[in-house]
Amino acid sequence: MENSISELDIVIRLCLAFLAGGIIGMERSSRRQVAGLRTHILIAIGACCLMLLSIWMPQQYGGDPGRIAAQVVSGMGFLGAGAIIRLGKNIRGLTTAASLWLTAGIGLAIGAGMYIAALTAEILALIALVVLNHLERKLFPEDNWKKDEP
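What this report covers is the structure whose coordinates are included nearby. Position numbers for residues count from 1 along each chain, tracking the sequence in the order it is written. The predicted origin of the model limits local features to residues at a pLDDT of at least 70 and limits the giving and counting of side-chain atom pairs to 80 or more, whereas totals for whole chains, interfaces and linings rest on all residues. Side-chain numbers here rest on the full set of heavy atoms in the structure, without hydrogens or water.

Topic: the overall build of the protein chain
Inference 1: Within the protein chain, the secondary structure is distributed over five helices and two strands.
Inference 2: Secondary structure follows DSSP: runs of H or I at least 4 residues long count as helices, runs of E at least 2 residues long count as strands, and numbering of each begins at the N terminus. In sequence order, the secondary structure elements of the protein chain are arranged as α-α-α-β-β-α-α.
Inference 3: Taken along its principal axes, the extent of the C-alpha atoms in the protein chain is 65 × 25 × 20 Å.
Inference 4: Buried residues in the protein chain amount to 31% of all 150 residues.
Inference 5: We call two residues contacting when some pair of their heavy atoms lies within 4.5 Å. Considering only intrachain contacts with a sequence separation of at least 6, the fraction spanning at least 24 residues in the protein chain is 64%.
Inference 6: Calculation of accessible area relied on Shrake-Rupley with a 1.4 Å probe; when residues are assessed, cover is drawn exclusively from the protein chains displayed. Counting every atom, the protein chain has about 9900 Å² of accessible surface; 66% of that belongs to carbon and sulfur.
Inference 7: This count recognises Lys and Arg as positive and Asp and Glu as negative, with His and chain-terminal groups excluded. Lys charges are placed at NZ, Arg charges at CZ, Asp charges at CG and Glu charges at CD. Side-chain charges of the protein chain comprise 13 positive and 11 negative groups, with the mean position of each set lying 10 Å from the other. Burial classes: relative accessible area under 20% of the type maximum marks a residue as buried, over 50% as exposed, and values in between as partly exposed (1.4 Å probe, protein chains only).

Here it is in structure tokens:
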């Protein structure tokens, strides 16, 4: 079949997903987040693998290639919800949940062979997580944050 994905393509896509998840995971690990390096790598590889399956199955048997990928999106919402913790009036883990969800999206994009989209998302994610974090800390110092009252 001329449109089929070669075994080399599969290996390249899974390795790129590993790398993409690892880069975001390193940033999360550097901030001592529970969902760090390994979690982000596993999510990116898993999403990539499911996207590859989502492409391969219709080529072999027919059907809708978007069905499996769509379930990854909703499944990640469930997993991300587990990363969110409420501590009194404060909520922690929203950025981690969002980075998990994004990592799945990047894995799906790599699995679909959309390398430019995945690379752009990866770069923008790092800008949001690293650069904007420094900017946010300068503009809104922790001294000015409301403290949770006991």
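More follows now that the structure is in view.
A closer look at the environment of isoleucine 123
Inference 1: You can see isoleucine 123 is positioned in helix α5 (residues 115-139).
Inference 2: For isoleucine 123 and leucine 19, which are 104 residues apart along the polypeptide, the C-alpha to C-alpha distance reads 13 Å.

A word on helix α2 (residues 37-61)
Inference 1: Multiply 1.5 Å by the residue count of a helix minus one, and that product is the helix's expected span. Between the first and last C-alpha of α2 there are 36 Å, a value that for 25 residues agrees with the 36 Å anticipated at 1.5 Å per step.
Inference 2: What α2 keeps buried is the set His40, Ile41, Ile43, Ala44, Ala47, Cys48, Met51, Leu52, Ser54, Ile55, Pro58 and Gln59.
Inference 3: As for α2, its buried residues are in contact with α1 (7-30), α3 (66-81) and α4 (94-111).
Inference 4: Of the residues flanking the end of α2, it is glycine 62, one or two places downstream, whose phi is positive at about 85 degrees.

Quick notes on the pattern of salt bridges
In a structure, side chains of opposite charge can pair up when their charged atoms sit close to one another.
Inference 1: By definition, a salt bridge exists where a carboxyl oxygen of Asp or Glu is found within 4 Å of a side-chain nitrogen of Lys or Arg. The full count for this structure, using the stated rule, is two salt bridges.
Inference 2: Linking glutamate 27 and arginine 28 is a salt bridge whose minimum nitrogen-to-oxygen distance equals 2.8 Å.
Inference 3: According to the relative accessible area criterion, glutamate 27 is buried, its value standing at 6%.
Inference 4: You can call arginine 28 buried: its relative accessible area is 5%.
Inference 5: For arginine 31, the salt bridge is made with glutamate 27, and the minimal N-O distance between the two is 2.4 Å.
Inference 6: According to the relative accessible area criterion, arginine 31 is partly exposed, its value standing at 29%.
Inference 7: Overlapping salt bridges bring together Glu27, Arg28 and Arg31 as one network.

Let's talk about the layout of surface pockets
Inference 1: The rule is simple: put a 1 Å grid over the protein atoms alone, call a set of points where a 1.4 Å probe fits but cannot get out a cavity, call an open set with protein on both sides within 12 Å along at least five of seven lines a pocket, and count a residue as lining if it has an atom within 4 Å of a point. Grid points are joined across faces, edges and corners, and a volume is the space filled by probe spheres set on the points. For the second largest pocket, the calculated volume is near 220 Å³.
Inference 2: Every residue along the wall of the second largest pocket is listed here: Arg32, Gln33, Val34, Ala35, Ala83, Ile85, Leu87, Arg92, Gly93 and Thr96.
Inference 3: Under the scheme applied here, ten amino acids are nonpolar (Ala, Val, Leu, Ile, Met, Phe, Trp, Tyr, Cys and Pro), four are charged (Asp, Glu, Lys and Arg), and all others, including Gly, are polar. Broken down by class, the residue content of the lining of the second largest pocket amounts to five nonpolar, three polar and two charged.

Section: the packing of α3 against α4
Inference 1: Throughout, an axis means a line fitted to C-alpha atoms (over the contacting stretch in the case of helices), and angles, computed between N-to-C directions, take values from 0 to 180 degrees. The contact between α3 and α4 brings their axes to 9 Å, and the two run at 160 degrees. Between α3 and α4, the angle falls in the class roughly antiparallel. The interaxial crossing formed by α3 with α4 has right-handed handedness. Listed contacts from α4 to Ala69, Val72, Val73, Met76, Gly77 and Gly80 of α3 are Ala97, Leu100, Trp101, Ala104 and Leu108. We call two directions roughly parallel when the angle between them is under 35 degrees, roughly antiparallel when it is over 145, roughly perpendicular when it lies between 65 and 115, and oblique otherwise. In this scheme the crossing of two helices becomes right-handed for a clockwise turn of the near helix relative to the far one and left-handed for an anticlockwise turn of less than a right angle.

Function cannot be inferred from these measures alone, as they are strictly geometric.
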